[in-house]
Amino acid sequence: MHYFSTNHRSAYADFREAVLKGQPDDGGLYFPECIPKLSHGFIKSFSEMENPQIAFEIMRPYTAGAIGDEDLFAICEETIDFEFPLVSITDRISALELFHGPTLAFKDVGARFMSRCLRYFSADQDNKTLVIAATSGDTGAAVAVGFHGIEGIEVVILYPSGKVSRVQELQLTTLGDNITALEVDGVFDDCQAIVKRALADKDIQRKIFVTSANSINIARWLPQQFYYFFALKQWNGTAPVFSVPSGNFGNICAGILANASGMPASGFIAACNANATVPDFISTGQFSPRDSISTLSNAMDVGDPSNFARILEIFGHKYPRIIERMNAVSISDAETTEVMKRVYEEVGYFLDPHGAVGFKALEDQLSERPDDRGVFLETAHPVKFDSVERILGTFGSIPVEVSELLQKEKRSIRIPSDYETVKELILSMV
Ligand SMILES: *Cc1c(COP(=O)(O)O)cnc(C)c1O
């Protein structure tokens, strides 16, 4: 399989090159030259298969020519060695819980898959690999844990001091070994700007192969297709409507890609917070990116979602085809809070703020579609967000991993928001 750039000004790349580079030079996103069709045999029988087998069958056409079958199977097995339960919340709405992985958020799947691919591809490289990433919380934790202990790879994570939750910070800063956490006196955008400069810095490139682990990398994007199949495996009846809490639109775009390959679905809802760039596009046909607004569901505070380019690609840039398969709605913080309280009071289920946006968007949509039922993706465990305790008065039960984490000591390097400081640090590490 080859991948082209959605900006059409960079050369095609195979899976290996696209993963190592992360992003084409023209600033676009890598996209597969053709969307594989799932066989009828697979569609009929995947619900009888083990999860790693499903993952393997889905990824195989995408990695063809770059990773052998045996190695790909091993990567899939390591990536998804945890549960993805579908939990019924009301008679028409179920939650697909994606938070049973090591950092309690869905980004574990993509980060783990990518780390294993990089290990596989860097085995035959002389230089070490440096993975550098900026985070507002969940990404950094998933990347840090996904890459921890992977040989030949050094990881540097930058996060804004005081702007990630307690659990997220501990997940980033307590691993040690090949993971270095830089606590930046600044905001997420400052961290992101430093990462961009480091990726383009020739002095660093001369010493070490440097890449990013951001969400647009195809090794993080494509494995997100798995979730939808895991939901269907546990589903009876007409295919569900999928409601996906969305920020950068990687997760929903993977679902839409799977659907384009033949996976059944009765439609997709992009559940957004006040960052309504895509909901506005759905209602007006105009895509106008803007600055992000802070909300309770902060992992979705994105005003210019990069994966939107891939959604356009899947639908051949045809607006009528997009709105036939996908709706997008904006849910306010007040609605998010109301739904978290109501669902907790009525059925005793703890929604995190991101899942709450997904639930509310689905509930609203189903009220207009009396014959449908749906699934929303519960993208993170409520304990990751300090706001849950504030709103509900409790987190419910705290998972053992988290109680253990709370005993550990944070180890970060506190730095000003200054590129030269980071550069010196990196050069002293390699
Ligand atoms: C990253 C994240 C999202 C948004 O996912 P996208 O793929 O960027 O749309 C939603 N919920 C949580 C908890 C996240 O960490």
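Given the structure is predicted, the values throughout are model-derived calculations rather than measurements.

So, the side chain of E169
You can see E169 is positioned in helix α7 (residues 166–173). Residue class for E169 comes out buried when judged on its relative accessible area of 15%. Beyond its immediate chain neighbours, meaning those up to four positions away, E169 contacts Y159, V164, E183 and K410.

What to know about empty space enclosed by the protein
Within this structure, the stated rule accounts for two cavities of 30 Å³ or more. Of the pockets and cavities examined, the largest cavity occupies roughly 50 Å³. What lines the largest cavity is simply P36, L38, E57, I58, P61, Y62, Q225, F229, A258 and S261. Its residues assigned to classes, the lining of the largest cavity comprises seven nonpolar, two polar and one charged. When the residues that make up the lining of the second largest cavity are grouped by side-chain class, the tally is six nonpolar, four polar and no charged.

A few points about the pattern of salt bridges
Tallied over the full model, the rule gives 19 salt bridges. When the shortest N-O distance is used, the salt bridge between R369 and D372 registers 2.7 Å. Of the residues examined, D372 reaches a relative accessible area of 16% and is grouped as buried. Taken together, the shared-partner salt bridges in this structure form one network comprising E169, E183, D185, K410 and R414.

Remarks on the pairing of strand β8 (residues 179–185)
Among the seven residues of β8, six are classified as buried, and the element is accordingly described as predominantly covered. As paired strands, strand β7 (residues 153–160) and β8 are joined by six bridges and run parallel to one another. Along β8, the bridge assignment pairs Y159 with E183. Taken together, β7, α7 and β8 form a β-α-β motif whose crossover is right-handed. Pairing between β8 and strand β14 (residues 413–416): four bridges, direction parallel. For D185, the partnering residue across the bridge sits in β14 and is P416.

A closer look at the layout of surface pockets
A volume near 220 Å³ is recorded for the second largest pocket. Along the walls of the second largest pocket sit 14 residues, with P102, V145, L175, L405 and K408 positioned nearest its centre. Contributing elements (two or more residues each) for the lining of the second largest pocket: α7 and α19 (400–407). Examining the composition of the lining of the second largest pocket, we find that four residues originate from one element, α19, more than from any other. Class assignment for the residues of the lining of the second largest pocket results in seven nonpolar, four polar and three charged.

Structural notes on helix α12 (residues 250–260)
Within α12, 10 of the 11 residues are buried, which leaves it mostly tucked inside the rest of the structure. Residues of α12 that are buried include every one of G250, N251, I252, C253, A254, G255, I256, L257, A258 and N259, and no others. Positive phi shows up at G262, right after α12, with a value of about 120°.

Observations regarding helix α20 (residues 419–429)
Within the sequence span of α20, burial applies to Y419, V422, K423, L425 and I426. Along the long axis of α20, the arc covered by the buried residues comes to 165°, so they all point the same way. Exposed side of α20, more than 90 degrees from the buried face: E424 and S428 are the residues found there.

With respect to unusual backbone geometry
At D177, a position not held by glycine, the phi torsion is positive, near 50°. Position of D177 relative to the elements: it lies in the loop between α7 and β8. At H317, a residue that is not glycine, the phi angle is positive and equals roughly 60°.

Criteria and thresholds
Every residue gets a number counted from 1 within its own chain, in the order that chain's sequence is written. Local features are withheld for residues below a pLDDT of 70 in this predicted model, meaning they are given only at 70 or higher, and side-chain atom pairs are given and counted only at 80 or more; totals for whole chains, interfaces and linings count all residues. Working from all heavy atoms in the structure, the side-chain values ignore hydrogens and water. Secondary structure counts use DSSP, requiring at least four H or I residues in a row for a helix and at least two E residues in a row for a strand, with both numbered from the N terminus. Buried means the residue's accessible area, taken with a 1.4 Å probe over protein chains only, is under 20% of the maximum for its type, while exposed means over 50%, and partly exposed covers the values in between. We call two residues in contact when some of their heavy atoms are within 4.5 Å. A 1.4 Å probe that fits into a set of points on a 1 Å grid over the protein atoms alone but cannot get out defines a cavity; an open set with protein on both sides within 12 Å along at least five of seven lines defines a pocket, and lining residues are those with an atom within 4 Å of a point. Grid points are joined across faces, edges and corners, and a volume is the space filled by probe spheres set on the points. In the scheme used here, Gly and all other residues not listed as nonpolar or charged are polar, with Ala, Val, Leu, Ile, Met, Phe, Trp, Tyr, Cys and Pro taken as nonpolar and Asp, Glu, Lys and Arg as charged. One speaks of a salt bridge when a side-chain nitrogen belonging to Lys or Arg is within 4 Å of a carboxyl oxygen belonging to Asp or Glu. Here, a strand pair is defined by DSSP locating no fewer than two bridges between the strands. Orient the strands so they point away from the viewer; a crossover is then right-handed if the path from the first strand over the helix to the second runs clockwise. What the arc measures is the spread of directions leading from the helix axis to the C-beta atoms.

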